[in-house]
Amino acid sequence: MEQQVRAAGHKIVVVIASDGESSDGNIVQALKPLEHLPVQIVIRLCTDQDKVVDYWNNIDSQLEADIDVLDDISGEAAEVYEHNKWLTYGEPLHRLREFGIELKEFDLLDESKLSFEQMRVVCAVM
């Protein structure tokens, strides 16, 4: 279906829920085939353990795929506040991200301070 998805200008969202590290194989190797497909990967962590968060962020750094690693809502709110104090991060916004909202600005909320144009995009969507 790759050609059909690309022709329509869509992406497929793959949501992986996990509470730990892989115990049955190499996740990077398993996700590698998705790198050049019209796919967005959302990792929904069911834990707030730093070791697990670091593990999945390391997986993200090893792949060229569109990946968003999401901590629990409290952890994400703290990360967003660190970079974008103007935004009150709540459950509706967290759910948008968990379900794979396609806009890059939402992936950047917890990674860097948004530009004024990026803030405008986020506000327009909300």
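Now for a description of the structure that goes with this document. Fair warning: this is a prediction, and the values are worked out from it, not measured in the lab.

### What about the overall build of the chain?
The number of helices and strands found in the chain is seven helices and three strands. Along the chain, helices and strands appear, N-terminal first, in the series α-β-α-β-α-β-α-α-α-α. Scaling as 2.2 N^0.38, a compact globule of 126 residues should have a C-alpha radius of gyration of about 14 Å, and the chain matches this with 15 Å. Its C-alpha atoms put the chain at 40 × 40 × 20 Å along the principal axes. Classification of the 126 residues of the chain by burial places 40% in the buried group. Long-range pairs, those at least 24 residues apart, make up 70% of the contacts in the chain with a sequence separation of at least 6. Surface exposure of the chain reaches about 7,500 Å², of which carbon and sulfur atoms provide 52%.

### Focus on the pattern of salt bridges
Scanning the model with the defined rule gives 12 salt bridges in all. Here Glu2 makes a salt bridge to Arg6, at a shortest N to O gap of 2.9 Å. Here Arg6 and Glu2 lie together in helix 1 (residues 2-7), a separation of four residues that amounts to about one turn. For Glu2, a relative accessible area of 32% corresponds to the partly exposed category. The network of salt bridges with common partners includes Arg44, Glu91, Arg95 and Glu98.

### Details of the nonpolar core
Formed by 16 residues in total, the largest nonpolar core has its most connected members in Ile41, Ile43, Leu45, Trp56, Ile59, Leu63 and Ile67. Those elements giving two or more residues to this core turn out to be helix 2 (27-31), strand 2 (39-45), helix 3 (50-62) and strand 3 (66-70). Ranked by residue count, the leading element in this core is helix 3, at five residues. In this structure Ile43 touches Ile16, Trp56, Ile67, Asp68, Val69 and Leu70, once residues within four positions along its chain are discounted. Counting residues in each nonpolar core, the second largest holds 11 residues, with Ile101, Leu108, Leu109 and Leu114 among its members.

Definitions and cut-offs
- Residues numbered from 1 in each chain as written.
- Predicted model: local features only at pLDDT ≥ 70, side-chain atom pairs only at ≥ 80, totals over all residues.
- Heavy atoms only, no water.
- Helix = DSSP H or I, 4+ residues; strand = E, 2+ residues; numbered from the N terminus.
- Rg over C-alpha atoms; globule rule 2.2 N^0.38 Å.
- Buried < 20%, exposed > 50% of the residue type's maximum accessible area, 1.4 Å probe, protein only.
- Contact = heavy atoms within 4.5 Å.
- Areas by Shrake-Rupley, 256 points an atom, 1.4 Å probe, with all protein chains shown as cover.
- Salt bridge = Lys/Arg side-chain N within 4 Å of Asp/Glu carboxyl O.
- Core = buried A, V, L, I, M, F, W, Y, C linked by side-chain atoms within 4.5 Å.

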